[in-house]
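Coordinate inspection notes
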Amino acid sequence: MKNITVIILASLTVSLSAQTADEILDRVDKNMSAENRVLESSMTIHGKRNSRTMTSKSYTVSDKKSFTEYLTPAREKGTKMLKLEDKLWIYSPSTDRTIQISGHMLRQSIMGSDFSYEDMMDDRKLKDIYTATIAGEEEIEGRNFFVLELIAKVEDVAYHSRKIWIDALRFVPIKEELFAKSGQLLKRTTLSDMQKVQGRWFPMKMTYKDMLKHGDGTEIHITAIKFNQDIPTYIFTKAALKQ
Amino acid sequence: MIKFLLKGILRDKSRSLLPIIVVSLGVFLTVLLSGWIGGVFSDMIDVNANFITGHVKILTRAYAENKNQLPNDLALLDVEELITNLNSDYPDMEWVKRINFGGLLDVPDENGETRAQGPAAGKAIDLLSPDSNEADRMNIVKSIVKGSIPAKQGEAIISDDFAEKFGVNIGEKVTIFGSTMNGSMMFKTFIVSGTISFGTALLDRGAIIIDISDAQLALDMYDGASEILGYFNEGGYVDVKADSVKASFNTKYSSVDDEFSPQMFKLRDQEGLDQYMTLADSMSGIMVFIFILAMSVVLWNTGLLGGLRRYSEFGIRLALGERKSHIYKTTIYEAIIIGFIGSIVGTALGLGAAYYLQENGIDFSSIMENVTMMFPPVYRAVVSPDLFYIGFFPGLIAMTLGNALAGYAIYKRKTAQLFKELEV
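Not measured: the values here are computed from a predicted model.

A tally of regular secondary structure across chain A gives five helices and 13 strands. In terms of C-alpha radius of gyration, chain A reaches 19 Å, essentially the compact-globule figure of 18 Å for 243 residues. Overall size of chain A, expressed as C-alpha extent along the three principal axes, is 70 × 40 × 35 Å. Out of the 243 residues in chain A, the part that is buried amounts to 29%. For chain A, restricting intrachain contacts to residue pairs at least 6 apart in sequence, the fraction spanning at least 24 positions comes to 42%.

Written as structure tokens, this is what we have:
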């Protein structure tokens with residue numbers, strides 16, 4: 001029995017090591033990316049003085065299009081964001097204005113949270129913009145994780161390098177650290193509450209912390225998520241912002 | 001004897017004209033440059049005080065740590081109560097609240113979509129209260145290029161550069177997009193009441209100026225402000241007074257354990273102004289020192305030349321029995337009279353020129369279009385009381401010192417050789 005256990009553990013170790021970093025990222029993308037998805041979430045921003053929670057509904061098609069409508073609180077209700085390719089528009093019901101966000105404003109935080117418009121805009125597959133290497137393996141709370149180090153291979157990325165901890169069985173990231181070219185840690189993300197949705201593992205809770213920002217980070221709870229839905233095409237038009 | 005010496009000086013122009021011209025020129029330059037440098041430093045300090053630092057400034061401790069990021073989420077709250085307390089504690093000062101904010105300045109087309117936009121550097125001050133001095137303090141009325149300052153809520157002044165670049169006219173709408181104090185999206189549309197040009201890139205680039213009540217509404221800063229600035233009612237910045245106010249305020253209101261407690265900074269603590277003001281304080285002293293040194297050397301030489309020219313005269317006077325000490329004394333008296341006349345003339349001319357520059361100034365705005373530091377576009381001299389003596393005494397001392405050094409040669413003359421020297 002003891003020998004069998006050793007053989008199983010040894011074979012598992014061999015199988016873990018046998019995968020290349022690109023293969024691991026491919027399997028992560030299969031979980032995290034989809035042709036499209038519709039999700040409802042609540043976002044809690046822990047500021048220095050107070051915490052705020054807002055809910056929203058988002059429609060996303062690959063990494064090209066997304067549409068988000070804020071549902072609560074009253075101050076944010078009706079605010080909508082539309083991303084088409086590399087362009088981003090925001091609609092404000094209070095002023096009935098649609099503003100295109102560009103330039104340095106893309107680096108600003110969304111709704112005071114710990115992620116920026118630039119983070120939201122850059123939804124490309126990691127494999128397409130980073131060169132990945134396996135830095136090691138770690139065991140955390142009884143589960144095995146690959147530790148991947150990613151270095152940007154294109155210029156137009158917000159973070160020069162990343163370090164990602166990926167569940168070795170579910171192929172879902174549980175922690176990510178994002179670095180500037182200087183090596184300074186810019187953001188830290190933790191993902192938890194993994195649930196199987198339509199045959200794929202997906203984190204239902206995410207915590208983002210901008211390391212250069214005061215406050216205790218931003219939590220996102222996904223309250224509903226559906227993959228590969230029939231999303232009406234008019235959603236991804238500027239006309240939909242005013243509806 | 002004074003009358004006798006004066007007659008000699010006036011009748012023998014070769015003895016007096018050159019030294020008087022040299023002393024006058026030196027004193028003139030000292031007075032003018034002291035007035036000019038004093039004015040330039042004073043202008044820069046005033047501009048910084050009026051726009052950024054106040055004579056003292058109050059921020060929350062947390063805001064002060066990150067002030068370059070304009071972190072309005074860390075701004076002061078309950079400012080009306082604080083200002084009431086400040087008015088009571090420091091009645092000889094004026095207290096004003098301001099909000100600084102950044103974002104995008106967006107110009108809509110006829111469909112309400114973006115026609116043009118650029119980064120905005122917003123400043124909200126009290127423009128609408130009838131007793132507010134803020135518009136004058138920031139020289140807004142004189143800096144208006146088109147239109148007028150806001151007369152009611154919902155109006156804004158924008159940078160004339162921005163208006164020209166994007167074809168924004170008076171009466172058109174612009175929208176500010178940014179973040180509220182709580183981090184929510186801030187959209188606020190204003191009607192452009194005027195365009196402004198301060199002549200300094202730092203102030204003009206993307207500038208939008210609105211009334212503080214509009215900013216409080218748009219940024220969810222009810223009874224909040226980025227900063228409270230304090231100004232002494234009488235005179236300009238006085239470091240000793242500011243130090244005293246700062247110490248008493250921080251003792252009473254500030255706490256290291258509460259990052260949102262207010263903390264006061266004096267002008268000299270901010271924006272690297274301490275180094276600047278130390279330089280300003282020492283500049284006049286440096287100038288006077290250089291002047292006395294340079295003038296003494298020049299006048300020493302002038303005295304030597306005069307001494308050589310008057311070699312025979314001194315010889316005859318010695319031969320006639322006049323004592324060396326008496327000749328030396330009369331030379332010094334002459335120098336004092338010449339120094340006095342030269343200093344009077346130089347001071348009068350210097351004061352006149354400094355006054356002209358005080359009234360008219362020199363406009364450097366054309367060469368400061370891309371300067372991003374806080375410099376005033378027009379520099380003026382200032383006629384301060386010290387200008388009346390700052391050149392006068394050095395002129396007198398330099399002339400006397402120069403002649404004292406040159407006249408010392410009298411003591412080297414030997415009476416026994418006088419007649420031989422004089423070829424009598």
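Now that the structure has been shown, we can carry on.
In terms of regular secondary structure, chain B is built from 16 helices and 14 strands. Evaluated residue by residue, chain B yields a buried proportion of 43% over its 424 residues. Long-range pairs, those at least 24 residues apart, make up 78% of the contacts in chain B between residues at least 6 apart in sequence.

Bringing the pairing of strand E3 (residues 65-72) of chain A into the picture now. Pairing geometry for strand E2 (residues 51-61) of chain A and E3(A), over seven bridges, is antiparallel. Bridged to Tyr59(A) within E3(A) is Phe67(A).

Next up on the list: the environment of Ser132(B). Residue and element names in this part refer to chain B. Structurally, Ser-132 can be placed in the loop between strand E4 (114-125) and helix H5 (134-137). A tally of 16 C-beta atoms within 10 Å means that Ser-132 is categorised as partly exposed. Separated by 276 residues in sequence, Ser-132 and Tyr-408 have C-alpha atoms that sit 66 Å apart. Once residues within four sequence positions are removed from consideration, Ser-132 is found in contact with Asp-126 and Leu-127.

Position of Tyr328(B) relative to the elements: it lies in helix H13 (residues 324-360). Taking the C-alpha atoms as reference, Tyr328(B) lies 41 Å from Tyr356(B); in sequence the two are 28 residues apart.

The figure often quoted for interface size is the accessible area lost as the parts come together. Taken residue by residue, the interface counts 24 residues in chain A and 19 residues in chain B. Here the element with the most residues in the side of chain A that touches chain B is strand E6 (residues 97-101) of chain A; it accounts for four residues. Its residues assigned to classes, the side of chain A that touches chain B shows five nonpolar, twelve polar and seven charged.

Let us look at the confidence of the model for chain A. Residue-level pLDDT values for chain A average 86, and 92% of them are 70 or greater. Within the model, pLDDT remains below 50 along residues 1-17 of chain A, and this stretch shows three contacts once partners closer than five positions in the same chain are excluded.

All names here are of chain B. In this model helix H10 (residues 239-253) runs 21 Å from its N-terminal to its C-terminal C-alpha over 15 residues, within 8% of the 21 Å that 1.5 Å per residue would give. Listing the buried residues of H10 in full gives Ala-242, Val-245, Lys-246 and Phe-249. Along the axis of H10, the buried residues cluster in a sector spanning 100°; they form a single face. Residues of H10 that are exposed and point more than 90 degrees away from the buried face comprise Val-240, Ala-247 and Thr-251. Buried residues along H10 sit in contact with strand E1 (56-60) and strand E12 (262-266).

Residues and elements named next belong to chain A. Bridging between strand E11 (residues 185-197) and strand E12 (residues 200-210) involves ten bridges; their strand directions are antiparallel. Note on E12: the bridge partner recorded for Arg-188 is Lys-209. Between E11 and E12, which pair antiparallel in sequence order, lie two residues; one of them, Gln-198, sits at a positive phi of approximately 45°. By the bridge criterion, four bridges tie E12 to strand E13 (residues 217-227) in an arrangement that is antiparallel. Its bridge partner being in E13, Met-206 is matched across the sheet by Ile-220. A loop of six residues connects E12 with E13, the two strands running antiparallel in sequence, and Gly-215 in this loop sits at a positive phi of about 105°.

Attention now goes to the confidence of the model for chain B. Averaged over all residues, the pLDDT of chain B is 84; the fraction at 70 or higher stands at 89%. Scored as a complex, the prediction yields pTM 0.75 and ipTM 0.76.

To continue, consider the nonpolar core. Residue and element names in this part refer to chain B. Core analysis: the biggest nonpolar cluster contains 91 residues, and Ala-156, Ile-158, Ile-208 and Ala-215 have the highest contact counts within it. When residues of this core are assigned to their parent elements, the largest contribution, eight residues, is made by strand E3 (residues 93-108). For Ala-215, the residues in contact, after removing those within four places along its chain, are Ile-99, Phe-101, Ala-124, Ile-210 and Met-221. Counting residues in hydrophobic clusters, the runner-up holds 27 residues, among them Val-31, Ala-335, Val-383 and Ala-398.

Moving on to the packing of H13(B) against helix H15 (residues 392-407) of chain B. Residue and element names in this part refer to chain B. The interhelical angle for the contact between H13 and H15, taken along N-to-C directions, is 150°, at an axis separation of 8 Å. For the element pair H13 / H15, the angle class is roughly antiparallel. The hand of the H13/H15 crossing is right-handed. Two secondary-structure elements touch here, H13 through Tyr-328, Thr-331, Ile-332, Ala-335, Ile-336, Ile-338, Gly-339, Phe-340, Gly-342, Ser-343, Gly-346 and Thr-347 and H15 through Phe-392, Gly-395, Leu-396, Met-399, Thr-400, Asn-403, Ala-404 and Gly-407. Its residues assigned to classes, the contact of H13 with H15 shows ten nonpolar, ten polar and no charged.

Glancing now at unusual backbone geometry. All names here are of chain A. In this structure, the amide linkage connecting Thr-72 to the following residue, Pro-73, adopts the cis form with an omega of 0°. Look at Phe-171: it is not a glycine, yet its phi comes out positive at around 55°. Position of Phe-171 among the secondary structure elements: in the loop between strand E9 (161-167) and strand E10 (173-179). Of note in the backbone geometry, Asp-193 takes a positive phi value of approximately 55° without being a glycine. Here Asp-193 is to be found in strand E11.

Looking now at helix H2 (residues 21-32) of chain A. Residues and elements named next belong to chain A. For H2, built from twelve residues, the straight-helix expectation of 16 Å at 1.5 Å per residue is met to within 8% by its first-to-last C-alpha distance of 16 Å. Taken together, the buried positions of H2 are occupied by Ala-21, Ile-24, Leu-25, Val-28 and Asn-31. Buried positions in H2, seen along its axis, are confined to an arc of 115° and lie on one side of it. On its buried face, H2 is in contact with helix H4 (126-129), strand E7 (130-140), strand E8 (143-152), E9, E10 and E12.

Below, the discussion takes up the environment of Gly112(A). With respect to the helices and strands, the residue Gly112(A) is situated in the loop between E6 and helix H3 (117-121). Here Gly112(A) falls in the buried class, since 21 other C-beta atoms lie within 10 Å of it. Considered as a pair, Gly112(A) and Glu141(A) are 29 residues apart in the sequence and their alpha carbons are 33 Å apart. In contact with Gly112(A), other than residues within four places in its own chain, are Ile45(A), Gly47(A), Ser179(B), Asn182(B), Gly183(B) and Ser184(B).

Basis of the calculations
The written sequence of each chain sets the order in which its residues are numbered from 1. Chains and ligands are labelled by the order in which they are written, letters from A for the one and numbers from 1 for the other. The model is predicted, so local features are restricted to residues of pLDDT at least 70 and side-chain atom pairs to those at 80 or more, both for listing and for counting; the totals for chains, interfaces and linings are taken over all residues. Each helix is a run of DSSP H or I of at least 4 residues and each strand a run of E of at least 2, with the numbering of both proceeding from the N terminus. Computation of the radius of gyration draws on C-alpha atoms, with the globule rule given as 2.2 Å multiplied by the number of residues to the power 0.38. With C-beta atoms placed from the backbone, a residue is labelled by how many other C-beta atoms lie within 10 Å of its own: buried for 20 or more, exposed for 12 or fewer, partly exposed between the two. Placing a C-beta atom from the backbone of each residue, one calls two residues in contact when those atoms lie within 7 Å. Only strands joined by at least two bridges in the DSSP assignment are considered to pair. Think of it as three bins: nonpolar holds Ala, Val, Leu, Ile, Met, Phe, Trp, Tyr, Cys and Pro, charged holds Asp, Glu, Lys and Arg, and polar takes everything else, Gly as well. For every residue, the predictor assigns a confidence score, pLDDT, that lies between 0 and 100. In a helix, the anticipated span is given by 1.5 Å times the number of residues less one. When we speak of the arc, we mean the arc of directions from the helix axis to the C-beta atoms. To form a nonpolar core, buried Ala, Val, Leu, Ile, Met, Phe, Trp, Tyr and Cys residues must be joined through C-beta atoms within 7 Å. Axis lines are fitted to C-alpha atoms, over the contacting stretch for helices. Their N-to-C directions set the angle, which ranges from 0 to 180 degrees. Roughly parallel here means an angle under 35 degrees, roughly antiparallel means over 145, roughly perpendicular means 65 to 115, and every remaining angle is called oblique. Crossings are sorted by hand: turned counterclockwise from the far helix by less than a right angle, the near helix makes the crossing left-handed, and turned clockwise it makes it right-handed.

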